[in-house]
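Fold and contact review
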2 protein chains.
Amino acid sequence: MMKHSKGILVVVSGFAGAGKGTIMRQLLENYDNYALSVSMTTRQPRQGERDGVEYFFSSREDFEKKIAEDGLIEYAEYCGNYYGTPRHYVEQQLLSGRDVILEIEIQGAFQVKKKFPEAVLVFVTPPGAAELKRRLVGRGTETMEVIDRRMRRAAEEAEHMGDYDYLVVNDDFRTCAEEIHRIIQASRRKPGCNEEFIEEIKAELKALSKGDN
Amino acid sequence: MMKHSKGILVVVSGFAGAGKGTIMRQLLENYDNYALSVSMTTRQPRQGERDGVEYFFSSREDFEKKIAEDGLIEYAEYCGNYYGTPRHYVEQQLLSGRDVILEIEIQGAFQVKKKFPEAVLVFVTPPGAAELKRRLVGRGTETMEVIDRRMRRAAEEAEHMGDYDYLVVNDDFRTCAEEIHRIIQASRRKPGCNEEFIEEIKAELKALSKGDN
């Protein structure tokens, strides 16, 4: 009977270069109980980005309308563009029993936790700062100036790591994805995800302990 | 570096007849990172019980001395006898990195949570109340009066199920032990168990983002 429980809302954050994207793909490939939420943004699509896949692209006006009608479970503005998570898809998937993963920034993560206290916040980190720098440099696509900016940002973000529910080290992406999967599965055993079961067994125990049966 | 973390303190409670004993044995057999705490009691040893194995048997005087010197992490009195968990063994095992399991009653469980907020409280339940009664009757060792008393007690205990961190259904004891194992492993990823790692990476990120390296 615990199988009919609602899905878990999972927030995954982490430093740029921590390997979140690869881990998400691994999770979605290996397990079919996950749904990845697609963010909405007002920024222009980049080459190759498709509406509804990488992002839902929206006008500023439509985005602000969404905010006004409480249609986003979190949002933030970066560099003059809005980014947010549409509420409808998330709630629909949770109700159907699927676990929904949001890959979002720290600021959004804490907004989600406020609205969904049962949400599980996972922070992905490389084994160390030197390794993070090595990965950013290794990409070979960014200037040293951009890499330095990312490192400074990571130092700021690290101040909030301790406020996440779980901290996962991405040493090997397969192991890391497996670890996140187990954390999510364990979270399904929290009482908040099994209220129906608790009420049922309470009522049943009361009935049977009165000797009605 | 996250391997050097302290062990997890795990409290397992559940209705009499839920199968906690079998699950504990399964956990200790299958994994070597667990240490089972042995309770101290003032009740008389029953046939076959050995001091230091089933319980540490103690005089009332010695038990009260332990209480006075804060040598127990939880204790309670049932039917005129004291039962408690000696602090020394638990702390020693946690420091050495082993996960310590306490199989104790609800009252003690919440005492532990107060003193060790990082402790993980697991409640084991059969799939339903009818199944619980079937198991108690099936043992064939108890009178119907005793069974009725246990069922009433279960109904009372069920009121506190929702205050545990996790709720695990014992349908098959192997699956159930595996599930508890995973819950404990996931708990090792909580920030509170990885403070050293967090401080290290914070310091390292600060150093590297200043361009010192």
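Given the structure is predicted, the values throughout are model-derived calculations rather than measurements.

What counts, and at which threshold
- Residues numbered from 1 in each chain as written.
- Chains lettered and ligands numbered in written order.
- Predicted model: local features only at pLDDT ≥ 70, side-chain atom pairs only at ≥ 80, totals over all residues.
- Heavy atoms only, no water.
- Helix = DSSP H or I, 4+ residues; strand = E, 2+ residues; numbered from the N terminus.
- Buried < 20%, exposed > 50% of the residue type's maximum accessible area, 1.4 Å probe, protein only.
- Contact = heavy atoms within 4.5 Å.
- Areas by Shrake-Rupley, 256 points an atom, 1.4 Å probe, with all protein chains shown as cover.
- Buried area = accessible area lost by both parts, 1.4 Å probe.
- Salt bridge = Lys/Arg side-chain N within 4 Å of Asp/Glu carboxyl O.
- Polar contact = N/O pair within 3.5 Å; in protein donor to acceptor, adjacent residues only side chain to side chain.
- Pairing = 2+ DSSP bridges.
- Least-squares fit on C-alpha atoms with pLDDT ≥ 70 in both.

**A few points about the overall build of chain A**
Secondary structure assignment for chain A yields eight helices and nine strands. With respect to the three principal axes, the spread of C-alpha positions in chain A is 75 × 40 × 30 Å. Among the 213 residues that make up chain A, the fraction classed as buried is 49%. If you take every contact in chain A between residues at least 6 apart in sequence, the share linking residues at least 24 apart comes to 66%. Carbon and sulfur atoms make up 48% of the accessible area of chain A, which amounts to about 10,800 Å² in all.

**Here's the deal with the interface of chain A and chain B**
Contacts between the two partners involve 44 residues from chain A and, on the opposite side, 44 residues from chain B. When the two sides are added together, the surface that chain A and chain B hide from each other amounts to roughly 3,800 Å², 68% of it contributed by carbon and sulfur. Of all residues in chain A, the largest losses of buried area upon contact with chain B belong to L167, R189 and L205 of chain A, amounting jointly to 16% of the total for that side. The interface formed by chain A and chain B includes six salt bridges. In this structure, the salt-bridge partner of K202 of chain A is E159 of chain B, at a minimum N-O distance of 3.9 Å. For the pair chain A and chain B, the number of links is eight residue pairs in polar contact (both at pLDDT 80 or more). Looking at the side of chain A that touches chain B, the elements that each hand over two or more residues are helix 5 (129-138), helix 6 (144-158), strand 9 (166-169), helix 7 (173-187) and helix 8 (195-209) of chain A.

**Quick notes on the sheet that holds strand 6 (residues 81-86) of chain B**
Spatially, 4-3-6-5 (chain B) is the arrangement adopted by the four strands of the open sheet, whose pairing is mixed. The two strands at the open ends of the sheet, each matched to only one other strand, are strand 4 (56-57) and strand 5 (72-78) of chain B.

**A closer look at the relation of the copies chain A and chain B**
Once chain A has been moved 0.0 Å along the axis and rotated by 180°, it coincides with chain B to within an RMSD of 0.0 Å. Seen this way, the second copy is the image of the first under a two-fold rotation axis.

By themselves, these figures tell us nothing about what the structure is for.
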